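Structural description and commentary
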Amino acid sequence: MPEHDRYLLLSTSALSPAALLRGLKPDWLNDPKVWRTEVLAGLVVALALIPEAISFSIIAGVDPAIGLFASFTMAVTIAIVGGRRAMISAATGAVALVIAPLNREHGLGYLVAAVILAGVFQVVLGALGVAKLMRFVPRSVMVGFVNALAILIFMAQVPEMHDVPWAVYPLIIGGLALMVFFPKVTKVIPAPLVSIVILTVITVAAGIAVPTVGDKGELPSSLPVPGLPDVPFTIDTLTTIAPYALAMALVGLMESLMTAKLVDDITDTHSSKTRESIGQGIANIVTGFFGGMGGCAMIGQTMINVRVSGARTRLSTFLAGAFLMVLCVVFGPVVSDIPMAALVAVMVMVSFATFDWHSIAPKTLKRMPAGEITVMVITVACVVASHNLAIGVVVGTITAMVIFAKRVAHLANVTAVTDPDGGSVVYSVTGELFFASSNDLVGQFNYATDPDKVVIDLTAAHIWDASSVAALDAIETKYKQRGKSIEIIGLNKPSAQIHEKLSGELAGSH
């Protein structure tokens, strides 16, 4: 295990306390530059989390404190047990949308119980290796996911720019200008933090009346207290919450694993997706017992942390959660005065930084295969239309698989060579034989005019499924009905095994 990945890792090994502490202390803890980057990144993320957590609470139909508590417990817990360093997990819109109907119909107790059960599902799915399914997500879906995400982040800011005082617009423009030009002066302090502070000072000092964080909802004045959900512990309760919990678990895992993969690409480092899956489950269980609404990885906040602020360790994630509670409980009145325009400017900047502009450049589109562009567009369209990243990824991946199957299906070819004496014919089959390609196979033989001896050479082919075996059985039957002998040769070992196992056993193959 890399040295830096042992930071905050809970260990059950039989090490002495001194040895254990040495193992938990990575080299970067002695680097003031890293500390400064991580601490300031955590502070920027915490400030950006507050209005988002309040907004997601409103979507879920719960008190703003529930979303803020969830963001605190998710971030702090995932910093310890998660698999992807510097990734931010908190209350999210996707999870809020899934569990909102449960809260509306049955109340907060059932919502909290569903969050705990969702966490249990995530731990089980993580232990079963669900993270390995990520290898089936093609690059075109990943690009579509990132671009859709950037669009959603921007779209979420539009209501904050509609029907507001005119002073909001120059504040947003000023905030964007600060974030573009301030890094050219110094990168010691993150530009988003500078932008938030300066715009807050201007609006308070000049008495400019614009929407503020305080307008979104009242901030909590105390820390969350652990407890059990207020529901009857019966089978009826379980059957009520289980569908919502499973949906939340799947959506949360998909968004978290996609975000982890994106951070891997940005930082050129590897992360344990299985540990992240189990970690998400543990974080949701902890959040549920503290009365929170649950959550998953937050792509927008993660981009602020990793891409904009340059954070790379678990410390920034931990501090984002810790600062969130400190800001709410201790500095609530000050935070309430932050103009929403300052946070809108940060998120607009994040959306522009997140979008893969290279993917839509005319030069790229000219070179890219039409199928890849189609998959990317469908992924973006589904995500933007449904406001659900998981739906877009599933539909995009299925589309990519269909296009791939169609493309590979046409790679199976049959060529015939007849002996000079006319006594036999050898059919050479090349390519991948599976359900899509084997359907055309039966029609590529001349059953009536071929000689009495037919040889099918599969040296350059591979049998993948029962459909291919059924097709070969059908070809054999058609020749035998005409009194001709047929021999299949050249099967590689896996193809021979599946052919021997299924040949003659498939009803309807004749």
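Residues numbered from 1 in each chain as written. Predicted model: local features only at pLDDT ≥ 70, side-chain atom pairs only at ≥ 80, totals over all residues. Heavy atoms only, no water.

Averaged over all residues, the pLDDT of the protein chain equals 87, while 94% of them reach at least 70. Counted against residues more than four places away or in other chains, residues 1–23, with its pLDDT under 50, gives 30 contacts. (pLDDT = per-residue confidence, 0-100. Contact = heavy atoms within 4.5 Å.)

The next point concerns the sheet that holds strand β5 (residues 453–463). Spatially, β3-β4-β5-β6 is the arrangement adopted by the four strands of the open sheet, whose pairing is mixed. The open sheet has two edge strands, β3 (413–418) and β6 (485–489), and neither has a second partner. Strand after strand, the sheet turns through a mean of 20 degrees between neighbouring axes, direction not considered. The pairing of strand β4 (residues 424–433) with β5 spans nine bridges and is parallel. Looking at the pairing, Leu433 lines up with Ile463 of β5. Here helix α20 (residues 493–502) sits on the sheet in contact with β5 and β6, set at roughly 120 degrees to β5. (Pairing = 2+ DSSP bridges. Helix = DSSP H or I, 4+ residues; strand = E, 2+ residues; numbered from the N terminus. Axes fitted to C-alpha atoms, helices over the stretch in contact; angles between N-to-C directions.)

Our focus in this paragraph is the pattern of salt bridges. Evaluation of the coordinates by the stated rule reveals four salt bridges. Linking Lys273 and Asp264 is a salt bridge whose minimum nitrogen-to-oxygen distance equals 2.4 Å. Note on Lys273: relative accessible area 16%, which makes it buried. A salt bridge links Glu476 to Lys480, with the shortest nitrogen-to-oxygen separation between them at 3.5 Å. (Salt bridge = Lys/Arg side-chain N within 4 Å of Asp/Glu carboxyl O. Buried < 20%, exposed > 50% of the residue type's maximum accessible area, 1.4 Å probe, protein only.)

Let us look at a nonpolar patch on the surface. A contiguous nonpolar patch, built from Phe154, Val158, Phe352, Trp357, Ile360 and Leu365 and spanning about 520 Å² of accessible area, is present on the exposed surface. Relative to the elements of secondary structure, Trp357 occurs in the loop between α14 (340–354) and α15 (362–367). Take Trp357: its relative accessible area is 45%, and that puts it in the partly exposed class. (Patch = residues over 30% accessible without salt bridge, like charges linked within 9 Å, V, L, I, M, F, W, Y side chains within 5 Å. Areas by Shrake-Rupley, 256 points an atom, 1.4 Å probe, with all protein chains shown as cover.)

Before going further, it helps to examine the nonpolar core. In terms of nonpolar packing, the biggest core is built from 103 residues, with Ile50, Leu68, Phe145, Met293, Ile304 and Leu324 touching the most fellow members. For this core, the element with the most residues is helix α2 (residues 32–60), which contributes 12 residues. In contact with Phe145, not counting residues within four places along its chain, are Met258, Thr259, Ile299, Thr379, Leu389 and Val393. In terms of nonpolar packing, the next biggest core, distinct from the first, is built from 22 residues, Tyr447, Ile456, Leu458 and Ile486 among them. (Core = buried A, V, L, I, M, F, W, Y, C linked by side-chain atoms within 4.5 Å.)

Across all of its chains, the model carries seven aromatic pairs by this definition. Judged by centre distance (5.8 Å) and plane angle (25 degrees), the rings of Phe352 and Trp357 are stacked. Pairwise contacts between aromatic rings join Tyr427, Phe445, Tyr447 and Tyr479 into one cluster. (Phe/Tyr/Trp six-rings, centres within 6.5 Å; stacked < 30°, edge-to-face > 60°.)

With that settled, the discussion passes to the pairing of β3. Note that β3 and β4 share six bridges and pair antiparallel. Within β4, the residue paired with Val414 across the bridge is Val429. Between the antiparallel neighbours β3 and β4 lie five residues, among them Gly422 with a positive phi of about 80 degrees.

Right, let's get into helix α11 (residues 299–308). Most of α11 is tucked away, with eight of its 10 residues classed as buried. Looking at α11, one finds that the buried residues are Ile299, Gly300, Gln301, Thr302, Met303, Ile304, Asn305 and Val306. Packed against the buried residues of α11 are α2, α6 (139–157), α9 (235–267), β2 (296–297), α12 (314–329) and α14. Just beyond α11, the residue with positive phi is Gly310, at close to 80 degrees.

Next up on the list: the side chain of Asn103. Along the chain, Asn103 falls in helix α4 (residues 93–106). A distance of 3.1 Å separates the side chain of Asn103 from the backbone oxygen of Ala60, its partner in a polar contact. One polar contact links the side chain of Asn103 to the main-chain amide nitrogen of Leu108, over a distance of 3.3 Å. With residues near it in sequence (within four places) discarded, Asn103 still touches Ala60, Gly61, Val62, Leu108 and Leu111. (Polar contact = N/O pair within 3.5 Å; in protein donor to acceptor, adjacent residues only side chain to side chain.)

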